[in-house]
Amino acid sequence: MAAEDVKAGKPDPEVFLRGAARVGLSPLRCAVVEDSVHGIQAAKRAGMLAVGVRTTAPEPVLAAAGADLIVPEVGKLIPEDILVRLRRREAPQGE
């Protein structure tokens, strides 16, 4: 997905929702890795897990935008951490 593929830019969730639809996934099963406040806001508005990367915004700013997880750089992402969080979102409440 690219800016040309959507009508509205971030923080509108259109780009993420269209991307999920394109690959046939529910937003609950998607994680977005972003380094901007607008990107985090768009991910949350799309109903997706938002992973903030502290490259352009400090941790408190990303947290205030709604980041579910924050890492210092993309190389510090641990895929298992993201998968655990996605599975929790999919589990029925009370489990």
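Further up the page is the structure itself.
Small disclaimer: the values here were computed from a predicted structure and weren't measured.

K.L.:
Just to check I follow, could you spell out the side chain of Glu14 for this structure?
P.N.:
Turning to its location among the elements, Glu14 is positioned in helix α1 (residues 14-23). In this structure, Glu14 is in contact with Val6, Lys7 and Ala8, ignoring residues within four places of it in sequence.

K.L.:
Just checking my understanding: could you explain the environment of Gly66 for this structure?
P.N.:
Locating Gly66 in the fold gives a position in the loop between α3 (59-65) and β3 (69-71). Taking the C-alpha atoms as reference, Gly66 lies 9.5 Å from Leu49; in sequence the two are 17 residues apart. Excluding residues that lie within four positions of it along the chain, Gly66 makes contacts with Ile40, Lys44 and Ala50.

K.L.:
Sorry if this is basic, but what is going on with the pairing of strand β1 (residues 31-34) here?
P.N.:
Sheet faces and side chains relate simply in a regular strand, where the side chains alternate between the two faces. Every second residue of β1 is oriented toward a common face, the buried set being Val32 and Glu34 and the non-buried set Ala31 and Val33. For the handedness criterion, the β-α-β arrangement of β1, helix α2 (residues 37-45) and strand β2 (residues 49-53) is classed as right-handed.

K.L.:
So what exactly am I meant to see when it comes to the nonpolar core here?
P.N.:
Side chains of a nonpolar character, in soluble globular proteins, are inclined to be buried together. Phe16, Val32, Ile40, Ala43, Met48 and Leu62 are the most contacted members of the largest nonpolar core, which has 16 residues in total. Looking at this core, the elements with two or more residues in it are α1, α2 and α3. One finds Leu49, Val51, Leu69 and Leu86 within the second-largest nonpolar core, a separate group that totals five residues.

K.L.:
Any chance you could explain the sheet that holds β1 here in plain terms?
P.N.:
Read from one edge to the other, the open sheet built from three strands follows the order β1-β2-β3, with strand pairing classed as parallel. In this open sheet, the two edge strands, each paired with only one partner strand, are β1 and β3. The average undirected angle you get between the axes of adjacent strands in this sheet is 20°. In this structure, β1 lies alongside β2, joined through four bridges in parallel fashion. For Val32, the partnering residue across the bridge sits in β2 and is Ala50.

Conventions adopted
- Residues numbered from 1 in each chain as written.
- Predicted model: local features only at pLDDT ≥ 70, side-chain atom pairs only at ≥ 80, totals over all residues.
- Heavy atoms only, no water.
- Helix = DSSP H or I, 4+ residues; strand = E, 2+ residues; numbered from the N terminus.
- Contact = heavy atoms within 4.5 Å.
- Buried < 20%, exposed > 50% of the residue type's maximum accessible area, 1.4 Å probe, protein only.
- Right-handed = clockwise from strand over helix to strand, strands pointing away.
- Core = buried A, V, L, I, M, F, W, Y, C linked by side-chain atoms within 4.5 Å.
- Pairing = 2+ DSSP bridges.
- Axes fitted to C-alpha atoms, helices over the stretch in contact; angles between N-to-C directions.

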